[in-house]
Amino acid sequence: MDSVSNSASRTGLPPVRPVKQLGRSDLLTLAIFPALVFFVLIASGNLTTGPRTVDDNQIYKLQIEFEESGFVDTLQNDVVSRIGMGRLVPVHCLHKVLQARLFGGNLLLWSVWVGLVGSAGGCLLYLALRLLGFAPGEGLIFSLIVMIGDQSILWWRLLHGEGIGMVLFASGLVCMAQRIRTDKRIFEFGFILCIVLAMLAKESFILTVPALLFLKIWFSMRLRGMSLNTAIGASWSSIIWLTLFSASSVVLIRFGLNTTHFSYTGWDGYNHEQLVNIIGQHARISHLFLPIFALIGVYFVACTLAGKQTETEPSSTGESRAGLPHLSRDLSRRLFVVGLFWGTITIPQLLLYMKSGMLNGDGQAHYARYIVPAIVGYAFVVAELLRMIRIANPTKTALIVIGYVLVGISLGERVAKAYRHAEDFAEESRYNDQWFAAITEHIEPDDPVVLVYPNRMHSGYQTQVAMQVYYILTQRHGQREVYFLPIPDKPSIEQARLAATQSDTRHHAKRMRHVDQIPTGTPIGSVALMNCGFDSDDKRSTGYKLEEALRSDHAGTWFKPEEYQHVVTELGYRAFYKKLR
């Protein structure tokens, strides 16, 4: 019995033989990812939509900061600003600021880059599984499950840490696989470096370290025939360094930044009800039940048909197959190890996002980005079950096909859902564009624009959202004279600026000028009622109340409604612009 077979007896898992080299079929498979991503981007309209007020405003804010401070200071200020918000994401900041410097305000270039990042993530995940000895179809299914679904928003949402974080995470998996296969230390260094950078792109990747170390030890035993102690010894450097970096990051976030949560999400203490709720949400989003239980059933059938063979009898591929007498014990051991990896990577993510959840009241993914990286655990379980079916009875190709069909049903539903979400996202972006067009297309760059926004006692957040609109109006649409009218007028703009929780908002809000500062006799070009920053159900009512207050308190002074054309967009955004003569 060779070392690979010895590995099977020690781990309770069938050995696999890693691929010696990637072939033409792998190159063709890799082409699927960019083709799929850009088909969705183009067909849904996301490749050419305008900016969204949320997040995309940062693209234009950074253009102002480049002019004021240059690249280095802008990057430093962005990192410091995120730290002030309780975030430790310097790699995300670097990625974002570099894009802003290279692409400017050209949203087409931003969208193409985000699509390329999404494609690279899928390709690297596929390569990692192929190098770990999985068949092409198994690697493809793994990557598609991670990429496709509610989390596909990462392909078209322009500013987020999860996209570049997943590319770095997947690069780490590739380096890990190469380290196991070749014993070259350069890949150990690459594995550690990529995972550390992923942690610094999005904090949720910090929690993947135990699962990754478990995976490295497991596959060292499976592919190299190592004992448990030998596999741990071979992984000592990654165990030490990744544990050190992840523990240091947690300590720094908890005691240096003095927080474990950010506004609507993050660890805010254990809550049993919230945990049960988010487990159900994760199961619903991931479509867990049909593929998992169906594949286990197919595996039972495959092993039953192979029941005449003994546990150590080699197949035509050189891999051992379990006989029927050992089926229950064999399956339980395999599922235990697979389930251990699944739980190690998924449970910490669910604990992290107990506070925010993953679905809104309508059962739709609200914080869809948070499905990454937890979805990696589920995707790996599916790929491993497909591999187990293939090895248990490789001569029964019909069973393998059935396994892929069962997964394909779930995957088809995920593709349809992802495309619907992409269309909805593009449509909302177009509605945003309609509002900005209503504000700016009938006036000159030097015509005053008044931005009316709802004021609150603790109005830092609304001031922040008002500034987001300001960035887009000034940098994308070239409006040089933008004034503000908070309703009610107290607290003042100055008080609201000081109350802003984000340092960059406090800095830029120095530019805010009250409507009373418009020179006497200067005709006002447009009046925009800002109900951004609210949930969709509250947008229309907020916009209506702002308009009522504007008409009752200011009509006949600087604002004469009869001189304006009134516009209400599909999202309930309201604007007035001077009637065309």
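Everything numeric in this text was worked out from a predicted model, so none of it was measured.

Quick word on the overall build of the protein chain
The helix and strand inventory of the protein chain stands at 21 helices and seven strands. The proportion of buried residues among the 581 residues of the protein chain is 59%. Look at the contacts in the protein chain between residues 6 or more apart in sequence, and 77% of them connect residues 24 or more apart. Split by element, the accessible area of the protein chain, about 24,400 Å² in all, is 60% carbon and sulfur.

Quick notes on the sheet that holds strand 7 (residues 574-578)
Reading across the sheet, the five strands line up as 4-3-5-7-6 and stay open at both edges, with mixed pairing between neighbours. Of all the strands in the sheet, the pair left with one neighbour each is strand 4 (482-487) and strand 6 (564-568). Looking at each pair of strands side by side, their axes are set apart by 15° on average, direction ignored. Note that strand 3 (residues 449-454) and strand 4 share six bridges and pair parallel.

Details of a negative patch on the surface
Taken together, the side chains of E423, D424, E427 and E570 define an acidic patch exposed on the protein surface. Classification of E427 by relative accessible area gives partly exposed; the value is 33%.

A closer look at the pairing of strand 4
Buried residues dominate strand 4, accounting for six of its six residues. Of the two faces of strand 4, the one lined by V482, F484 and P486 and the one lined by Y483, L485 and I487 are each fully buried.

Some words on the pattern of salt bridges
The final tally for this structure, using the stated rule, is 21 salt bridges. Residue E68 is joined to R511 by a salt bridge in which the shortest nitrogen-to-oxygen separation is 2.4 Å. One end of the pair, E68, is in helix 4 (residues 57-84); the other, R511, is in the loop between helix 20 (503-508) and strand 5 (526-529), and 443 residues separate them in sequence. A salt bridge links R574 to E547; the shortest N-O distance between them is 2.7 Å. Note that R574 is positioned in strand 7 and E547 in helix 21 (residues 536-554), a separation of 27 residues in sequence. Residue R574 is classed as buried on the basis of its relative accessible area of 13%. Looking at E547, the relative accessible area reads 7%, which means it is buried. Each member of the salt-bridge network shares a partner with another, and the members are E162, K202 and R369.

Some remarks on a nonpolar patch on the surface
Side chains of W236, I240, W241, L244 and F245 sit close together on the surface and give an oily, nonpolar patch of about 520 Å² of accessible area. Relative to the assigned elements, W241 resides in helix 12 (residues 236-256).

A word on the state of the cysteines
Using the criterion set out here, one finds zero disulfides in the structure. The thiol of C175 is not disulfide-bonded; the next cysteine sulfur, from C194, is found 4.6 Å away.

Section: the packing of aromatic side chains
Overall, the coordinates contain 26 aromatic pairs when judged by the stated rule. Between F219 and F380, the aromatic rings sit 6.2 Å apart at their centres with planes inclined by 80°, giving edge-to-face as the arrangement. With F219 in helix 10 (residues 209-224) and F380 in helix 16 (residues 375-392), this residue pair connects regions lying 161 residues apart in the sequence. An identical accessibility class is assigned to F219 and F380; each is buried. Ring geometry for W241 versus F245: centroids 6.2 Å apart, planes at 35°, classification tilted. One end of the pair is W241 and the other is F245, both in helix 12 and four residues apart, which spans about a single turn. By relative accessible area, W241 is classed as partly exposed at 41%. Given a relative accessible area of 34%, F245 falls into the partly exposed group.

Some words on the nonpolar core
Ranked by size, the top nonpolar core spans 111 residues in total, and within it F142, I145, F169, F219, L242 and V382 carry the most contacts. In terms of residue count, the dominant contributor to this core is helix 16 (13 residues). When near neighbours in sequence (up to four residues on either side) are disregarded, F169 contacts I195, A198, F205, T208, L212, I345 and V376. Grouped together as the second largest cluster of nonpolar side chains are 43 residues, L62, I64, F66 and L158 included.

A short note on the packing of helix 10 against helix 12
Taken N-terminus to C-terminus, the directions of helix 10 and helix 12 make an angle of 175°; their axes are 10 Å apart at the nearest point. One element, helix 10, and the other, helix 12, form an angle in the roughly antiparallel class. Contact residues: helix 10 offers V209, L213, K216 and I217, while helix 12 offers S238, I239, L242, T243 and S246.

Quick look at unusual backbone geometry
With an omega of 10°, the peptide bond running from V372 to P373 counts as cis. Residue position: P373 is located in the loop between helix 15 (327-352) and helix 16. Following I487, the chain continues into P488 via a peptide bond in cis, with omega recorded as -5°. One can find P488 in the loop between strand 4 and helix 19 (493-499). Its identity is not glycine, yet D55 carries a phi of approximately 70°, on the positive side.

Observations regarding the environment of P454
Relative to the helices and strands, P454 is located in strand 3. Judged by its relative accessible area of 7%, P454 falls in the buried class. Sequence spacing of P454 and I487 is 33 residues, and the spatial spacing of their C-alpha atoms is 5.1 Å.

Re the confidence of the model for the protein chain
Confidence in the prediction of the protein chain, expressed as mean pLDDT, is 83, and 84% of residues score 70 or more. Here residues 1-16 is modelled with pLDDT under 50, and outside its nearest four sequence neighbours on either side it reaches 43 contacts, counting other chains as well.

The rules we used
Residues numbered from 1 in each chain as written. Predicted model: local features only at pLDDT ≥ 70, side-chain atom pairs only at ≥ 80, totals over all residues. Heavy atoms only, no water. Helix = DSSP H or I, 4+ residues; strand = E, 2+ residues; numbered from the N terminus. Buried < 20%, exposed > 50% of the residue type's maximum accessible area, 1.4 Å probe, protein only. Contact = heavy atoms within 4.5 Å. Areas by Shrake-Rupley, 256 points an atom, 1.4 Å probe, with all protein chains shown as cover. Pairing = 2+ DSSP bridges. Axes fitted to C-alpha atoms, helices over the stretch in contact; angles between N-to-C directions. Patch = residues over 30% accessible without salt bridge, like charges linked within 9 Å, V, L, I, M, F, W, Y side chains within 5 Å. Salt bridge = Lys/Arg side-chain N within 4 Å of Asp/Glu carboxyl O. Lys, Arg positive; Asp, Glu negative; His and termini not counted. Charge placed at Lys NZ, Arg CZ, Asp CG, Glu CD. Disulfide = S-S within 2.5 Å. Phe/Tyr/Trp six-rings, centres within 6.5 Å; stacked < 30°, edge-to-face > 60°. Core = buried A, V, L, I, M, F, W, Y, C linked by side-chain atoms within 4.5 Å. Parallel < 35°, antiparallel > 145°, perpendicular 65-115°, else oblique. pLDDT = per-residue confidence, 0-100.

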